[in-house]
Amino acid sequence: MKQYLFVFFFILIPLTGNLQFDLLKPARFTPYLDCSASYSFAPSGKVVGGFYLSPSVGVRMNVWSDKKLLFALGYGLQDLKRLREYSTSHFVSSYEESLNYHCLSVKLGVVF
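Residues numbered from 1 in each chain as written. Predicted model: local features only at pLDDT ≥ 70, side-chain atom pairs only at ≥ 80, totals over all residues. Heavy atoms only, no water.

Would you explain the overall build of the chain in this entry?
Scanning the chain for helices and strands turns up zero helices and five strands. Along its sequence from the N terminus, the chain presents helices and strands in the succession β-β-β-β-β. Rg of the C-alpha trace for the chain: 20 Å, well past the compact-globule value of 13 Å for 112 residues, more than 25% over. Seen through its C-alpha atoms, the chain measures out along the principal axes to roughly 70 × 35 × 20 Å. In the chain, which comprises 112 residues, the share counted as buried stands at 20%. Summarising the internal contacts of the chain: among those between residues at least 6 apart in sequence, 52% fall at separations of at least 24. (Helix = DSSP H or I, 4+ residues; strand = E, 2+ residues; numbered from the N terminus. Rg over C-alpha atoms; globule rule 2.2 N^0.38 Å. Buried < 20%, exposed > 50% of the residue type's maximum accessible area, 1.4 Å probe, protein only. Contact = heavy atoms within 4.5 Å.)

And the structure:
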C-alpha cells in the first residue's frame with residue numbers, strides 16, 4: 001500500500017467568537033464548558049477559507065486573587081475549501097477541493 005505525505009501551508013485570517021459557561025459557582029476549582037467558532041478568510045486566491053469549531057471542557061483554578069490557570073481538553077474541526085488545477089499536455093482541469101481537519105486539543109492558559 002502506498003502512503004503519501006501531503007503538506008498544506010495556508011495563511012488564514014479568522015473572525016472568531018468564544019463562549020464560556022461555568023458549570024458550578026466560582027470556587028478554587030471551577031469546571032467550565034467552552035466553545036469557539038470562527039470563519040477563516042484567505043488572502044490567497046487559491047484558498048477560499050472555511051469554518052472552524054472547537055468545543056472543550058476544562059477546569060479554572062484560582063492561583064492568586066486576580067490570577068487563574070486554565071486547563072481544557074477539546075475537539076477541533078476545520079473545514080477548508082481551496083481551488084486546485086491539474087494540467088497535462090492534453091487538457092487543463094480546475095476544481096474545488098474540500099478538506100476537513102479533525103484534532104484533539106489540550107489548552108493551557110493564564111488569566112490575569
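Once the structure has been displayed, the description carries forward.
Even after reading the chapter, I still don't get the pattern of salt bridges, so can you show me in this structure?
Charged atoms that come close allow side chains of opposite charge to pair. Going through the model one piece at a time under the given rule, you end up with four salt bridges. Put simply, Lys107 and Asp34 hold a salt bridge, and the shortest N to O gap is 3.6 Å. With Lys107 in strand E5 (residues 92–111) and Asp34 in strand E2 (residues 29–41), this residue pair connects regions lying 73 residues apart in the sequence. (Salt bridge = Lys/Arg side-chain N within 4 Å of Asp/Glu carboxyl O.)

I'm lost on the sheet that holds strand E3 (residues 47–64) in this one. Help?
In spatial order, the strands read E1-E2-E3-E4-E5; together these five strands make up an open sheet with antiparallel pairing. At either margin of the open sheet sits one strand with a lone partner, and together these are strand E1 (13–22) and E5. Each adjacent strand pair in this sheet contributes to an overall mean axis angle of 15°, direction not counted. One ladder, built from 13 bridges, connects E2 with E3; its direction is antiparallel. Counted as the bridge partner of Tyr32 is Gly58 from E3. (Pairing = 2+ DSSP bridges. Axes fitted to C-alpha atoms, helices over the stretch in contact; angles between N-to-C directions.)

Teacher, can you tell me more about a nonpolar patch on the surface here?
Together, Ile13, Leu15, Tyr39, Phe41, Val48, Phe51 and Leu83 give the surface a local cluster of nonpolar side chains, amounting to about 650 Å² of exposed area. Only E1, E2 and E3 provide two or more residues apiece to the nonpolar patch. Among the secondary structure elements, Phe51 is positioned in strand E3. Given the relative accessible area of 38%, Phe51 is considered partly exposed. (Patch = residues over 30% accessible without salt bridge, like charges linked within 9 Å, V, L, I, M, F, W, Y side chains within 5 Å. Areas by Shrake-Rupley, 256 points an atom, 1.4 Å probe, with all protein chains shown as cover.)

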